[in-house]
Amino acid sequence: MNELIEELVNDIEDKIISYRRDFHKFPEIAWMEFRTASLIGKALIDMGYDVYIGKELINDRYRMNIPNLESLDEGYNRAIKQGAYKELSKRMKGGYTAVVGVLENGEGPTIALRFDIDAVKVGESNDDSHIPFKYSFSSVNNGVMHACGHDGHIAIGLGVAEVISKLKDKFKGKIKLIFQPAEEGVSGALAVSKSKVLDDVDYLIGGHIGIKARKSKEIICGTDGFLATTKINAEFKGKASHASVAPEKGHNALLSASTAVLNLDAIPRNSEGTTRINVGKLVAGSGRNVIPGRAFMEIETRGETTDLNEYMQEYAERILKSSADMHDTHVDIKCVGKSISGESDYELIKIIENIAKEINYYESIIEKEDFGASEDICYMMKKVQENGGKASYIMFGSELRGEHHSEKFDFNELDMINAVKVYCGIIIKILSEKC
């Protein structure tokens, strides 16, 4: 079976790389992945999958950090101009950009694979040493780039879809390929997990290129150490006034925000485990002779566990409110992204490990490693696990050129090919033995 999978994957190696380069050239940010999702949907339909798109996959009550209507319309129109399939894109209007392909073949377990599809707000390098620029597939959308490998994840997912569609006579059960929007900023998976997509899933597997696996021929079969996180926007509203003629009549929003910054960094760490906080953005004021009437901040908290993150979030919100009161301003606090901690299941880790050993590629096979950051797949993992299923998260090693979320991020495309082999091997292993 491994030889057959290897042959089928190798036959479409060029197609997988072509997928990656196309999605890299036309990146789209969270909830605006209209072109990306429509092309994924069309490819899955052509492969014979039952395809579900849009609102039926997303619980609207749990969507976070949705772009305004003007931005959504601009993103939709740009996607159409850049080659989106209009009939599918229409079903995603309003930012409902999730896609699920289902392949059902008799009675058996249900396996779901999750692939994230959004890009990040990073301008891409135009240096000739940057491979996407050198070979003319760098981003054409200014200020947006696939700088975290999600373009590779999509290509891997479509590669798996094609190979598995050719192996239907080798297994019994159901396969769900979930292409999830809005992972960056952890604002998408909760809304998907609160729909019915995962209700019948027995096994859930996700993965990421790089992160802690930094060399080709390396694979980390399971992941723990996901940091729970909350993304917070805080807007201080005061009253502008002349800084010299009537300073006492102003209510200084910048002063409130500055007070908050200093005290946020002073939150006591917790003896129960790792915590983090960062103020990543502060914008305020209009001129040197004006008491600032508005200030805007972007903040994130993290914790080794969900409880630890909640400790940080509650402390941070208390500081924000107190800083506003101190200087007679008001603060609006909005959660724009959130995720919980998570753990991979040992039983599934061992299956992944055994498959990796059978593939003639990996020289370093690591059982488990901490993620050290946040990933909203944890909501999906938790739901499957609470329903009695198993979940794991793989890190696929690759020689990275540039750090994640940097203008020169890139990876070894051949590592996608072997990731497809791993996923296909896992699917066949479980569905041929468990049926």
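First, a word on scope: everything that follows refers to the structure included in this document. (Residues numbered from 1 in each chain as written. Predicted model: local features only at pLDDT ≥ 70, side-chain atom pairs only at ≥ 80, totals over all residues. Heavy atoms only, no water.)

## Observations regarding the overall build of the protein chain
Looking only at helices and strands, one finds 13 helices and 14 strands in the protein chain. Across the 435 residues in the protein chain, those meeting the buried criterion constitute 57%. With the model as given, the accessible surface of the protein chain reaches about 18200 Å², and the carbon-plus-sulfur share is 44%. Each charge sign in the protein chain was given a centre, from 55 positive and 67 negative side chains, and these centres are 4 Å apart. (Helix = DSSP H or I, 4+ residues; strand = E, 2+ residues; numbered from the N terminus. Buried < 20%, exposed > 50% of the residue type's maximum accessible area, 1.4 Å probe, protein only. Areas by Shrake-Rupley, 256 points an atom, 1.4 Å probe, with all protein chains shown as cover. Lys, Arg positive; Asp, Glu negative; His and termini not counted. Charge placed at Lys NZ, Arg CZ, Asp CG, Glu CD.)

## Brief notes about the side chain of Ser241
Topologically, Ser241 is positioned in strand E8 (residues 241-242). You can call Ser241 buried: its relative accessible area is 14%. Not counting residues up to four positions away in its chain, the partners in contact with Ser241 are Ala246, Lys249, Gly250, Asn289, Val290 and Ile291. (Contact = heavy atoms within 4.5 Å.)

## Here we look at the sheet that holds strand E4 (residues 173-180)
By way of backbone hydrogen bonds, the strands of a sheet pair with one another, either parallel or antiparallel. Pairing in this open sheet of eight strands is mixed, and the strands run E1-E2-E4-E3-E5-E14-E6-E13 from one edge to the other. The sheet is open, and its two borders are formed by strand E1 (50-53) and strand E13 (364-370), each paired with just one other strand. For this sheet, the mean inter-axis angle between neighbouring strands, taken without regard to orientation, is 20 degrees. As paired strands, strand E3 (residues 110-116) and E4 are joined by seven bridges and run parallel to one another. Counted as the bridge partner of Leu113 is Leu177 from E4. Packed onto the sheet, helix H3 (residues 34-46) meets E1, strand E2 (99-105) and E4 and runs at close to 15 degrees relative to E2. Lying on the sheet, helix H12 (residues 377-386) is in contact with E3, E4, strand E5 (203-209) and strand E14 (390-396); it crosses E14 at an angle near 150 degrees. (Pairing = 2+ DSSP bridges. Axes fitted to C-alpha atoms, helices over the stretch in contact; angles between N-to-C directions.)

## Looking at the packing of aromatic side chains
Enumeration over the complete set of coordinates arrives at ten aromatic pairs. Consider the rings of Phe396 and Tyr423, whose centres lie 5.4 Å apart with planes at 65 degrees: the pair is edge-to-face. Here Tyr423 lies in helix H13 (residues 414-433) and Phe396 lies in strand E14, a separation of 27 residues in the sequence. The class for Phe396 is buried, based on a relative accessible area of 3%. Grouping aromatic residues by their ring pairs yields a cluster made of Phe115, Phe179, Phe396 and Tyr423. The cationic tip of Arg63 hangs over the ring face of Trp31; the distance from NZ or CZ to the ring centre is 5.2 Å. A cation over an aromatic ring shows up here: Lys194 above the ring of Tyr62, its NZ or CZ 5.2 Å from the ring centre. (Phe/Tyr/Trp six-rings, centres within 6.5 Å; stacked < 30°, edge-to-face > 60°. Lys NZ or Arg CZ within 6 Å of the ring centre and 35° of its normal.)

## Structural notes on the environment of Lys176
Positionally, Lys176 belongs in strand E4. A relative accessible area of 9% places Lys176 in the buried class. For Lys176 and Asp50, which are 126 residues apart along the polypeptide, the C-alpha to C-alpha distance reads 9.6 Å. Leave out the neighbours within four places in its chain, and Lys176 touches Val100, Gly101, Val102, Thr110, Ile111, Ala112, Leu113, Val197, Asp200 and Val201.

## A look at the packing of helix H2 (residues 13-25) against H3
Each pair of packed helices gets described by two things: the angle between the helix axes and the distance between those axes. Relative orientation of the contacting elements H2 and H3 amounts to 155 degrees, with a least axis distance of 10 Å. By the angle between their directions, the pair H2 and H3 is classed as roughly antiparallel. Here H2 and H3 pass one another in a crossing that is right-handed. Facing Tyr19, Asp22 and Phe23 of H2, the residues of H3 in contact are Arg35, Thr36, Leu39, Ile40 and Ala43. In terms of residue class, the contact of H2 with H3 is built from five nonpolar, one polar and two charged. (Parallel < 35°, antiparallel > 145°, perpendicular 65-115°, else oblique. Left-handed = near helix turned anticlockwise from the far one by under 90°. Nonpolar A, V, L, I, M, F, W, Y, C, P; charged D, E, K, R; others polar.)

## Regarding the sheet that holds strand E11 (residues 294-303)
Strand order across the open sheet formed by four strands is E9-E11-E7-E12, with antiparallel pairing between neighbours. Either end of the sheet is taken by a strand with one partner, and the two such strands are strand E9 (275-284) and strand E12 (330-339). On average, adjacent strands in this sheet sit at an angle of 15 degrees to one another, irrespective of strand direction. The strands touched by helix H10 (residues 306-326) within the sheet are strand E7 (228-237), E9, E11 and E12, with E7 carrying the most contacts at an inclination of about 5 degrees.

## A few points about the environment of Gly41
Its location among the elements puts Gly41 in helix H3. On the basis of relative accessibility, which here comes to 0%, the residue Gly41 falls in the buried class. A sequence separation of 187 residues divides Gly41 from Ala228, and the C-alpha atoms of the two residues are 31 Å apart.

## A few points about the pairing of E2
Across the seven residues that make up E2, a large majority, six, are buried. Note that E1 and E2 share four bridges and pair antiparallel. Among the inter-strand pairings, Asp50 is bridged to a residue of E2, identified as Val102. Inspection of the sheet shows E2 paired to E4 by seven bridges, in the antiparallel sense. Pairing of Asn105 across the sheet is with Gly173, part of E4.

## Focus: the pattern of salt bridges
Here the structure, examined in full by the defined rule, presents 32 salt bridges. Among the ionic pairs, Lys15 bridges to Glu162, the shortest N-O distance being 3.1 Å. Of this pair, Lys15 sits in helix H2 while Glu162 is found in helix H7 (residues 150-165), placing the two residues 147 residues apart along the sequence. Using a relative accessible area of 38% as the deciding quantity, one classes Lys15 as partly exposed. For Glu162, a relative accessible area of 10% gives the class buried. Between Glu235 and Arg294 there is a salt bridge whose closest N-O contact spans 3.1 Å. Highlighted residues: Glu235 in strand E7 and Arg294 in strand E11, separated in sequence by 59 residues. Residue Glu235 is classed as partly exposed on the basis of its relative accessible area, which comes to 28%. (Salt bridge = Lys/Arg side-chain N within 4 Å of Asp/Glu carboxyl O.)

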